[in-house]
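Structural overview
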Amino acid sequence: MCRWNDYSRGDMTRDFIIIIAVCLFALLVANLASQFVVQMYGDGWPPAVRLRAATFIMQLTGMFAPAILLDKVLRRDGGDRLIYSLNTMPSLRGVVLALSLAAIAVPVIMLLSGLNAALMPSDGWLHEYAIGQDEALNSYYALVLVGASPLGWVANVFLIVVVAAVCEELLFRGVFLGFLLRCGLPRVIAVLIVSIMFVCIHSQVSAFLPRLVMGIFLGYAYLSFRNIWAVIIIHAAYNLLALCDYVLDLPLWLFMLFGGVCSVIAIRTMINKRLK
């Protein structure tokens, strides 16, 4: 990534304005497009299908499209891109390590969710706001998950596991983190800023702490792998395990056991990589 000595304040300001303008325009288009498609073609669709269609359009036009566009527009002379290894898939060892890290993250995030709940106030405006957010999220999951057909479950896994991971990582870890590092910010500051943005986009107060930690974890994983697809695999695998937990209500000890096994796999994978 470029540093301060070859990235002037003028270039930084110009690129920042471009990022803001593209993201705001993409958000506007995403809202209009999702409403247009659902209203024009969704009259005969069940509510769950309309909600899935709106979610897919929002993710595609609001995150995926601006991320790919910004990566091309802000490419520096000599081919320096914002997104690490967009055209390069990780090795098999990298995939195994990424999957292991996702399994390790699940019980940690579950424990942090309990801590976040304990720290939440028991009354007041923040408590009421958090309850409203949780009710809206539970209504969404109840609509798209409860009683879903086999085809509906395929759509759910595709949206929640694949689409969300790809779109969010390309935009947050790829574009936003890449831009902050190009500006010369220290890694810890850049990762923290992007993690806070990651929390804000989900706008769920009751999950502030676990999402913040997850954002930091994904940020450092991205910098360690230097490959956007590796961190997409981590995010997607985590979403899949979280979805299984939501649907099956699996006990924490099972995830901790699974995470422990994956910890051994991850450590052995990293040791073997260093030895070779």
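Please read all numbers here as calculations on a predicted model, not as lab measurements. Starting from 1, residues in each chain are numbered consecutively following that chain's sequence as written. Local features in this predicted model are restricted to residues whose pLDDT is 70 or higher, and side-chain atom pairs enter the listing and the counts only when it is 80 or higher, whereas totals over whole chains, interfaces and linings include all residues. Computation of side-chain values: all heavy atoms of the structure, hydrogens and water removed.

1. Focus: the overall build of the chain
Helix and strand definitions here come from DSSP, where helices need a minimum of 4 consecutive H or I residues and strands a minimum of 2 consecutive E residues; each element is numbered from the N-terminal end. Broken down by element type, the chain carries nine helices and zero strands. Listed by position from the N terminus, the elements making up the chain come as α-α-α-α-α-α-α-α-α. Only C-alpha atoms enter the radius of gyration; for comparison, a globular chain is expected to reach 2.2 Å times N to the power 0.38, where N is the number of residues. Its C-alpha radius of gyration of 20 Å places the chain within 12% of the 19 Å reference for a compact globule of 276 residues. Seen along its three principal axes, the alpha-carbon backbone of the chain occupies a region of about 55 × 50 × 40 Å. Think of it in three bands: residues with accessible area under 20% of the maximum for their type are buried, residues over 50% are exposed, and the middle band is partly exposed, with areas taken using a 1.4 Å probe on protein chains only. Buried positions account for 43% of the 276 residues belonging to the chain. Contacts: residue pairs with any heavy atoms within 4.5 Å of one another. Within the chain, contacts between residues at least 6 apart in sequence are counted, and of these 79% link residues at least 24 apart.

2. Some points on the packing of helix 3 (residues 92-119) against helix 7 (residues 208-225)
Lines fitted to C-alpha atoms define the axes here, with helix axes fitted over just the stretch in contact, and angles between the N-to-C directions of these axes take values from 0 to 180 degrees. As a packed pair, helix 3 and helix 7 sit with axes 8 Å apart at the nearest point and diverge in direction by 160°. By the angle between their directions, the pair helix 3 and helix 7 is classed as roughly antiparallel. Here helix 3 runs over helix 7; the crossing is right-handed. Only Phe208, Leu209, Pro210, Val213, Met214, Phe217 and Phe225 of helix 7 make contact with helix 3, whose side of the interface consists of Gly94, Leu97, Ala98, Leu101, Ala105, Ile109, Leu112, Ser113, Leu115 and Asn116. Here roughly perpendicular refers to angles of 65 to 115 degrees, roughly parallel to angles under 35, roughly antiparallel to angles over 145, and oblique to all remaining angles. By the definition used in this description, the sense in which the near helix is turned from the far one sets the handedness, with an anticlockwise turn below a right angle giving left-handed and a clockwise turn giving right-handed.

3. Here we look at a nonpolar patch on the surface
For patches, a residue must show more than 30% relative accessible area and have no salt bridge; joins then use 9 Å for like charges and 5 Å for nonpolar side chains, namely Val, Leu, Ile, Met, Phe, Trp and Tyr. In this description, accessible areas are obtained by the Shrake-Rupley approach with a 1.4 Å probe, and a residue is regarded as covered only by the protein chains that are shown. A side-chain nitrogen of Lys or Arg and a carboxyl oxygen of Asp or Glu constitute a salt bridge if their distance falls within 4 Å. Taken together, Leu92, Val96, Trp253, Leu254, Leu257, Val261 and Ile265 make up a surface patch of nonpolar side chains, about 670 Å² in accessible area. Of all the elements in the fold, those that place two or more residues in the nonpolar patch are helix 3 and helix 9 (252-275). Top element by residues in the nonpolar patch is helix 9. It accounts for five residues. You can see valine 261 is positioned in helix 9.

4. Notes on the pattern of salt bridges
Counting across every chain of the model gives three salt bridges. Arginine 14 serves as the salt-bridge partner of aspartate 15, at 3.0 Å between the closest nitrogen and oxygen. Taking the relative accessible area as the measure of exposure, arginine 14 reaches 43% and is therefore partly exposed.

5. Examining unusual backbone geometry
Positive phi, close to 55°, is recorded for arginine 226, a residue that is not glycine. Mapping arginine 226 onto the fold places it in the loop between helix 7 and helix 8 (228-248). One non-glycine residue with positive phi stands out, namely aspartate 249, at about 55°. Considering the arrangement of structural elements, one finds aspartate 249 in the loop between helix 8 and helix 9.

6. Some details on the packing of helix 4 (residues 125-145) against helix 8
Two numbers describe how helix 4 lies on helix 8: the axes approach to 12 Å, and their chain directions differ by 85°. Relative to helix 8, helix 4 is oriented roughly perpendicular. Judged by residue contacts, Asn138, Tyr141, Ala142 and Leu145 of helix 4 engage Leu243, Tyr246 and Val247 from helix 8.

7. A word on the environment of leucine 159
Along the polypeptide, leucine 159 turns up in helix 5 (residues 150-182). Under the relative-accessibility criterion, leucine 159 is labelled buried at 9%. On a C-alpha basis, the gap between leucine 159 and arginine 52 in space is 7.6 Å, while along the polypeptide they are 107 residues apart. Apart from the residues within four sequence positions on either side, leucine 159 is in contact with Arg52, Phe56 and Ala164.

8. Concerning the packing of aromatic side chains
To describe a pair of aromatic rings, you give the distance between the ring centres and the angle between the ring planes. Here is the rule: rings of Phe, Tyr and Trp (six-membered ring for Trp) pair when centre to centre is within 6.5 Å. Planes less than 30 degrees apart are stacked, more than 60 are edge-to-face, and the remainder are tilted. Counted by the stated rule, this structure contains seven aromatic pairs. For the pair phenylalanine 172 and phenylalanine 198, a centre-to-centre distance of 5.7 Å together with 80° between the ring planes defines the contact as edge-to-face. A residue pair is termed long-range when its members are at least 10 positions apart, and phenylalanine 172 in helix 5 and phenylalanine 198 in helix 6 (residues 187-202) qualify at 26 residues. Of the residues examined, phenylalanine 172 reaches a relative accessible area of 3% and is grouped as buried. On the basis of relative accessibility, which here comes to 3%, the residue phenylalanine 198 falls in the buried class. Among the aromatic side chains, those forming a connected cluster through ring pairs are Tyr140, Tyr141 and Tyr246. Criterion for a charge above a ring: Lys NZ or Arg CZ within 6 Å of the ring centre, and within 35 degrees of the ring normal. The cationic tip of arginine 173 hangs over the ring face of phenylalanine 198; the distance from NZ or CZ to the ring centre is 4.6 Å. Its guanidinium or amino end placed over the ring of tyrosine 84, arginine 226 lies 4.2 Å from that ring's centre, counting from NZ or CZ.

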